[in-house]
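Okay, here's what each chain looks like letter by letter:
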Amino acid sequence: MSRRLMKDGRPLSPFSIVVMALLALLWSIPTLGLLVTSFRSRDDAATSGWWSALFNPFGTDWTTSNYSGVWTGQDFSSGFINSIVVAIPATIIPIMFAAFAAYAFTFMDFPFKEFFFLIIIAVMVVPIQVAFQPMLDILGPRGLGISGSYIGVWLLHTGFGMPLCIYVLRNYMSTLPTSVVESAKIDGATHFQTFWKLVAPMSIPAIAAFATLQFLWVWNDLLVAKLFLNSANTTVIVKLQQLLGTQGQGQELLTAGAFISIIIPMIVFVALQRYMVRGMTSGAVKG
């Protein structure tokens, strides 16, 4: 009997297959519970666990009112639009600047290059929470006056996303063949031409991997959106938090809203997962 082979020709271990299947099952259980609970009434969900609905479907009070209540109660449609408006630029902008910086740290020589790269690595350990008060002062009415707008949130996510992005892309670019860059230099190509026509296309797996993670981080962000966006621009995650209410009176809507909010991230993850796997296994997260 032939054994199933991996892409590199090595046989797949039966133990690894079982472990991966178990991990996939365990990872999917919370999502399954979220989906089942979202279709149960408040009283029914409070009296028994979600797994009881699977074993006794006819004795469960199924309802779709939770989903209709989400859309009518907190205007989730505008939250979706606001989240997209926030997440897409907050993903593209840091990657755009970080890709240029990573190229410079990898293929260019300039004074104190290693020192500056070390500073960037050190900035990664600074939690975003410690910058909230200073950034509120800088972006607020006494500063730039852009607090509450999309621009302020874009700047925040760009500033806190760039260090990790530079680190990831620089490590990936260091694994690329230097002979290609040297050949381009001999042919008279500028650094911009070398980056745009050679290095950037070869770095697509790492760029896509970080873009996936950055998009998910920005989409799921609560604190930055809650502090730096006004009520008209608030994102779907903030609206999801508001569903619960001050006394927990909207808890039956929370599961339905949570399941709706993961639709876009799931689409992005599924669309870019092959690039993400290639980027992570080809050196994108290697130290």
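Note that the coordinates shown come from a computational prediction; the quantities given were computed from them, not determined experimentally.

K.L.:
Which parts of the structure should I look at to understand the overall build of the protein chain?
P.N.:
On a plain count of helices and strands, the protein chain comes out with 15 helices and zero strands. When burial is assessed residue by residue, the protein chain has 38% of its 287 residues classed as buried. Of the roughly 16,700 Å² that the protein chain leaves accessible, carbon and sulfur atoms contribute 70%.

K.L.:
Explain a nonpolar patch on the surface to me, please; I cannot follow it from the model alone.
P.N.:
Taken together, the side chains of Phe112, Phe115, Phe116, Ile119, Val123, Met124, Val125, Val126 and Val130 make up a nonpolar region of the molecular surface, amounting to roughly 860 Å² of accessible area. Tracing the backbone shows valine 130 in the loop between helix H6 (113–123) and helix H7 (132–139).

K.L.:
Mind showing me how you'd approach the pattern of salt bridges here?
P.N.:
When charged atoms on two side chains of opposite charge get close, those side chains can pair. With the rule as written, the count across this model stands at one salt bridge. With its nearest N and O atoms 3.6 Å apart, the salt bridge here joins aspartate 109 to lysine 113. By relative accessible area, aspartate 109 is classed as exposed at 76%. Owing to a relative accessible area of 14%, lysine 113 belongs among the buried residues under this scheme.

K.L.:
Would you mind showing me how to read the environment of phenylalanine 215 here?
P.N.:
Structurally, phenylalanine 215 is set in helix H11 (residues 204–219). Relative accessible area serves as the criterion here: at 8%, phenylalanine 215 is assigned to the buried category. When residues no more than four places from it in sequence are discounted, the contact partners of phenylalanine 215 are Ala87, Ile88, Thr91, Ile264, Pro265 and Val268.

K.L.:
I would appreciate a short explanation of the packing of aromatic side chains in the present structure.
P.N.:
For any pair of aromatic rings, the description rests on two quantities: the centre-to-centre distance and the angle between the ring planes. Evaluation of the coordinates by the stated rule reveals 17 aromatic pairs. Here phenylalanine 117 and tyrosine 167 contribute two aromatic rings whose centre-to-centre distance is 6.4 Å and whose plane-to-plane angle is 20 degrees, an arrangement assigned as stacked. Pair noted here: phenylalanine 117 is in helix H6 and tyrosine 167 is in helix H8 (residues 150–173), with a separation of 50 residues, a long-range link. The ring of phenylalanine 117 has arginine 170 sitting right over it, with the charged end atom 4.4 Å from the ring centre.

K.L.:
Help me out: how do you make sense of unusual backbone geometry in this one?
P.N.:
Leaving glycine out, the prevailing phi sign among residues is negative, and the prevailing peptide bond configuration is trans. In this structure, phenylalanine 112 takes a positive phi of about 60 degrees despite not being glycine. Within the secondary structure, phenylalanine 112 sits in the loop between helix H5 (76–107) and H6. On the basis of relative accessible area, phenylalanine 112 is assigned to the exposed category, the value being 62%.

K.L.:
Would you mind showing me how to read the nonpolar core here?
P.N.:
When a protein is soluble and globular, its nonpolar side chains tend to lie buried together. Counting 29 residues, the largest nonpolar core has Val70, Phe76, Trp219 and Phe228 as the members making the most contacts within it. Of all elements in the fold, only helix H4 (65–74), H5, H7, H8, H11, helix H12 (223–228), helix H13 (236–243) and helix H14 (251–261) reach the threshold of two or more residues within this core. Of all hydrophobic cores here, the second largest spans 24 residues; its members include Ala101, Ile120, Met173 and Ala200.

K.L.:
Mind showing me how you'd approach the environment of glutamine 251 here?
P.N.:
Among the structural elements, glutamine 251 can be located in helix H14. Setting aside chain neighbours within four positions, we find glutamine 251 in contact with Arg42 and Leu244.

K.L.:
Honestly, the packing of H5 against H11 in this entry has me stumped. Any pointers?
P.N.:
Each pair of packed helices gets described by two things: the angle between the helix axes and the distance between those axes. Relative to each other, H5 and H11 sit at 140 degrees, their axes nearing to 9 Å. Between H5 and H11, the interaxial angle falls into the category oblique. The handedness of the crossing between H5 and H11 is right-handed. When H5 is examined against H11, the residues Phe80, Ser83, Ile84, Val86, Ala87, Ile88, Ala90, Thr91, Pro94 and Ile95 are found in contact with a partner set consisting of Ile207, Phe210, Ala211, Gln214, Phe215, Val218 and Trp219. Partitioning the contact of H5 with H11 into residue classes produces 14 nonpolar, three polar and no charged.

K.L.:
Honestly, the packing of helix H9 (residues 178–186) against helix H10 (residues 191–202) in this entry has me stumped. Any pointers?
P.N.:
Here H9 crosses H10 at 170 degrees, and the two axes come no closer than 11 Å. Judged by the inter-axis angle, H9 sits roughly antiparallel to H10. Here H9 and H10 pass one another in a crossing that is right-handed. Along the contact surface, H9 presents Val180, Val181 and Ala184, while H10 presents Thr194, Leu198, Val199 and Met202.

K.L.:
It is not clear to me how the side chain of asparagine 66 should be interpreted in this structure. Could you clarify?
P.N.:
By the element assignment, asparagine 66 lies in helix H4. Looking at asparagine 66, its side chain comes within polar contact range of the main-chain oxygen of arginine 40, at 2.9 Å. Excluding residues that lie within four positions of it along the chain, asparagine 66 makes contacts with Thr37, Ser38, Phe39, Arg40, Glu252, Leu253 and Ala256.

K.L.:
Before we go on, may I ask you to explain the confidence of the model for the protein chain in this structure?
P.N.:
Regions with low pLDDT should not have their predicted coordinates read in detail. On average, residues of the protein chain score 81 in pLDDT, and 89% of them reach the 70 mark or higher. Taking the mean pLDDT of every element in the protein chain, the minimum, 74, falls on helix H15 (residues 263–281) and the maximum, 89, on H5.

Calculation rules
Residues numbered from 1 in each chain as written. Predicted model: local features only at pLDDT ≥ 70, side-chain atom pairs only at ≥ 80, totals over all residues. Heavy atoms only, no water. Helix = DSSP H or I, 4+ residues; strand = E, 2+ residues; numbered from the N terminus. Buried < 20%, exposed > 50% of the residue type's maximum accessible area, 1.4 Å probe, protein only. Areas by Shrake-Rupley, 256 points an atom, 1.4 Å probe, with all protein chains shown as cover. Patch = residues over 30% accessible without salt bridge, like charges linked within 9 Å, V, L, I, M, F, W, Y side chains within 5 Å. Salt bridge = Lys/Arg side-chain N within 4 Å of Asp/Glu carboxyl O. Contact = heavy atoms within 4.5 Å. Phe/Tyr/Trp six-rings, centres within 6.5 Å; stacked < 30°, edge-to-face > 60°. Lys NZ or Arg CZ within 6 Å of the ring centre and 35° of its normal. Core = buried A, V, L, I, M, F, W, Y, C linked by side-chain atoms within 4.5 Å. Axes fitted to C-alpha atoms, helices over the stretch in contact; angles between N-to-C directions. Parallel < 35°, antiparallel > 145°, perpendicular 65-115°, else oblique. Left-handed = near helix turned anticlockwise from the far one by under 90°. Nonpolar A, V, L, I, M, F, W, Y, C, P; charged D, E, K, R; others polar. Polar contact = N/O pair within 3.5 Å; in protein donor to acceptor, adjacent residues only side chain to side chain. pLDDT = per-residue confidence, 0-100.

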